[in-house]
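Summary of the model geometry
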Amino acid sequence: MSSEEKLDLILLEIRGMKQEMSAMRQDIAGLKADVAGLKVDVAQLKSDVADLKQRTARLEADMAEVKRDVAELKSDVAELKADMVEVKGDVAELKSDVAELKADMAEVKGDVAELKSDVAELKADMVEVKGDVAELKSDVAELKADIA
């Protein structure tokens, strides 16, 4: 092989290497752009993780508050149940009192009816007595007139 052919071959090889180098430089530029994009993605993910940690902390605080509220409500329910038992006892006692009062009322109604009957009799007697009084007054007046 002649030196010119060797030179052509070397030049051809150099050209191939330059093309390969240019392609590699383009790949490097693309990879640098990818790395820059990934760095932005990583920064965004870190920000998202920080936000999620804050949200988790707030939710855990809210959960603790809800648990306290639930415990308080359970206590209130237990207290209300005890009050309800007491109220049921009071209601039973009041029902008994009402039944007793109804019986008393029935007895009083009977007494009232009897008294009304007595009053009606007394009124009739009074009308009769008034008639007798009027008659006696008339007799007295006649007697006075006879005496005079």
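Located above this text is the structure these notes cover.
My aim in this report is to walk through the structure given alongside it, one point at a time. Treat the numbers as computed from the prediction; the structure is a model and nothing was measured. What you see as residue numbers is a count from 1 along each chain, following the sequence as written. pLDDT decides what is reported in this predicted model: residues at 70 or higher carry local features, side-chain atom pairs at 80 or more are listed and counted, and totals for whole chains, interfaces and linings draw on all residues regardless. The side-chain values count all of the structure's non-hydrogen atoms but skip hydrogen atoms and water molecules.

**Some points on the overall build of the chain**
Put simply, the rule reads: Strands here mean DSSP runs of E at least two residues long; helices mean DSSP runs of H or I at least four residues long; both are numbered from the N terminus. Values of the radius of gyration come from C-alpha atoms, whereas the globule rule sets the reference at 2.2 Å times the count of residues to the power 0.38. Type-normalised accessible area, obtained with a 1.4 Å probe on protein chains alone, sets the label of each residue: buried when under 20%, exposed when over 50%, and partly exposed for intermediate values. Residue exposure ignores everything except the shown protein chains as possible cover, and the areas themselves are Shrake-Rupley values with a 1.4 Å probe. Positive charges come from Lys and Arg, negative ones from Asp and Glu, while His and the chain ends are left out of the count. Note that the charge is assigned to NZ on lysines, CZ on arginines, CG on aspartates and CD on glutamates.
Scanning the chain from terminus to terminus reveals one helix and zero strands. Against the globule reference of 15 Å for 148 residues, the chain gives a C-alpha radius of gyration of 60 Å, more extended than a compact globule. For the C-alpha atoms alone, the extent of the chain along its principal axes is close to 200 × 35 × 25 Å. Buried residues in the chain amount to 0% of all 148 residues. Carbon and sulfur atoms provide 63% of the accessible area of the chain, an area that totals close to 13600 Å². Put simply, the chain has 23 plus and 36 minus side-chain charges, and the middle of one group is 16 Å from the middle of the other.

**Focus: a nonpolar patch on the surface**
Our working rule: Only residues whose relative accessible area exceeds 30% and that take part in no salt bridge are eligible for patches, with like-charged residues grouped when within 9 Å of each other and nonpolar side chains (Val, Leu, Ile, Met, Phe, Trp, Tyr) grouped when within 5 Å. The rule for a salt bridge is simple: a side-chain nitrogen of Lys or Arg has to be within 4 Å of a carboxyl oxygen of Asp or Glu.
A cluster of nonpolar side chains, contributed by L7, I10, L11 and I14, occupies part of the molecular surface with about 340 Å² of accessible area. Tracing the backbone through its elements, the reader meets L7 in helix α1 (residues 3–147).

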